[in-house]
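Each chain, written out:
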Amino acid sequence: DSGVTQTPKHLITATGQRVTLRCSPRSGDLSVYWYQQSLDQGLQFLIQYYNGEERAKGNILERFSAQQFPDLHSELNLSSLELGDSALYFCASSVGTGSRETQYFGPGTRLLVL
Amino acid sequence: DAKTTQPTSMDCAEGRAANLPCNHSTISGNEYVYWYRQIHSQGPQYIIHGLKNNETNEMASLIITEDRKSSTLILPHATLRDTAVYYCIVGSNFGNEKLTFGTGTRLTIIP
């Protein structure tokens, strides 16, 4: 158990819909990262927040957005969903920020878009 | 980011040492080598990291060559639960915190 929690574990929705994925980092961790893992793309970094502020951005679509709240939990919002958005979405957290920080991953949310 | 090259798959007998190689010939002086693994579809799990000295923890050992162009992750006594995809990752430039996962090595432990 990494200490990172993600809800829900599974999500089934239809194309065009909007969903919100939630992540609670490990106690004391200020950074939250979001990754997407699909069958054909592997693990892709989406976005990072540090202490409430956006820190780094990866291959995140404009239809996706994220935020980190004062209690440090984070939400990833996916809108206008397409079939290709079906994937595992992982959240990770670390104490601080920087390439030398060890990231601890949550169990993921499996999203299926029908 | 420095790129890494790993074998696509490897087998190892249960109870033996599993040695997973990684090539990172373009690594720069301040970049760390990280190893993560992913069991089935679970979240990636941190294993170990190092800069230039060999490192050991309760899970594994990391051997980095003197020129830092390659490294080997060693699982000393592999068990069936070590069957997973193992990712070798080189830390990106300072201030760029993302982890860039490649395709990794699918390690299968054979009973």
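Whatever comes next refers back to the structure up there.
Residues numbered from 1 in each chain as written. Chains lettered and ligands numbered in written order. Predicted model: local features only at pLDDT ≥ 70, side-chain atom pairs only at ≥ 80, totals over all residues. Heavy atoms only, no water.

Q: Break down the overall build of chain B for me, citing the residues and quoting the values.
A: On a plain count of helices and strands, chain B comes out with zero helices and nine strands. When the helices and strands of chain B are placed in sequence order, the string is β-β-β-β-β-β-β-β-β. Relative to the globule expectation of 13 Å for 111 residues, the C-alpha radius of gyration of chain B, 13 Å, shows essentially globular dimensions. C-alpha extents for chain B along the principal axes are approximately 40 × 30 × 25 Å. Considering chain B as a whole, with its 111 residues, one finds that 42% of them fall into the buried category. Expressed as a percentage of contacts within chain B between residues at least 6 apart in sequence, the contacts between residues at least 24 apart total 56%. Where the 9 positive side-chain charges of chain B centre and where its 10 negative ones centre are 3 Å apart. (Helix = DSSP H or I, 4+ residues; strand = E, 2+ residues; numbered from the N terminus. Rg over C-alpha atoms; globule rule 2.2 N^0.38 Å. Buried < 20%, exposed > 50% of the residue type's maximum accessible area, 1.4 Å probe, protein only. Contact = heavy atoms within 4.5 Å. Lys, Arg positive; Asp, Glu negative; His and termini not counted. Charge placed at Lys NZ, Arg CZ, Asp CG, Glu CD.)

Q: How would you sum up the sheet that holds strand β3 (residues 33-38) of chain B? Please name residues and give values.
A: What links the strands of a sheet is backbone hydrogen bonding, and the strands pair in either a parallel or an antiparallel sense. Residues and elements named next belong to chain B. With mixed pairing, the five strands of this open sheet are ordered in space as β1-β9-β8-β3-β4. The open sheet has two edge strands with one neighbour each: β1 (9-13) and β4 (45-50). Between one strand axis and the next, the sheet turns through 25 degrees on average, direction left out of account. Here five bridges tie β3 to β4, and the two strands are oriented antiparallel to one another. Its bridge partner being in β4, Y36 is matched across the sheet by Y46. (Pairing = 2+ DSSP bridges. Axes fitted to C-alpha atoms, helices over the stretch in contact; angles between N-to-C directions.)

Q: Give me the lowdown on the pattern of salt bridges, citing residues and values where you can.
A: Pairing between side chains of opposite charge can happen when their charged atoms approach one another. All names here are of chain A. This structure, assessed with the given rule, holds four salt bridges over all chains. Here D29 ties to R26 by a salt bridge, and the two come within 2.8 Å at their closest N and O atoms. Several salt bridges converge on common partners, so that one network encompasses R63, E82 and D85. (Salt bridge = Lys/Arg side-chain N within 4 Å of Asp/Glu carboxyl O.)

Q: Before we move on, can you summarise the packing of aromatic side chains with the specific residues and values?
A: Under the defined criterion, the tally for this structure stands at eleven aromatic pairs over all chains. Considering the side-chain rings of Y36 of chain B and Y46 of chain B, the 5.8 Å spacing of their centres and the 75 degrees angle between planes classify their relative orientation as edge-to-face. A residue pair is termed long-range when its members are at least 10 positions apart, and Y36 of chain B in strand β3 and Y46 of chain B in strand β4 qualify at ten residues. Each member of the pair Y36 of chain B and Y46 of chain B is classed as buried. An aromatic cluster is defined as three or more aromatic residues linked by ring pairs; in this entry it consists of Y35, F45, Y104 and F105 of chain A together with Y34, Y36, Y46, Y87 and F101 of chain B. A cation over an aromatic ring shows up here: R26 of chain A above the ring of Y104 of chain A, its NZ or CZ 3.9 Å from the ring centre. (Phe/Tyr/Trp six-rings, centres within 6.5 Å; stacked < 30°, edge-to-face > 60°. Lys NZ or Arg CZ within 6 Å of the ring centre and 35° of its normal.)

None of the figures reported here should be taken as evidence of function without further support.
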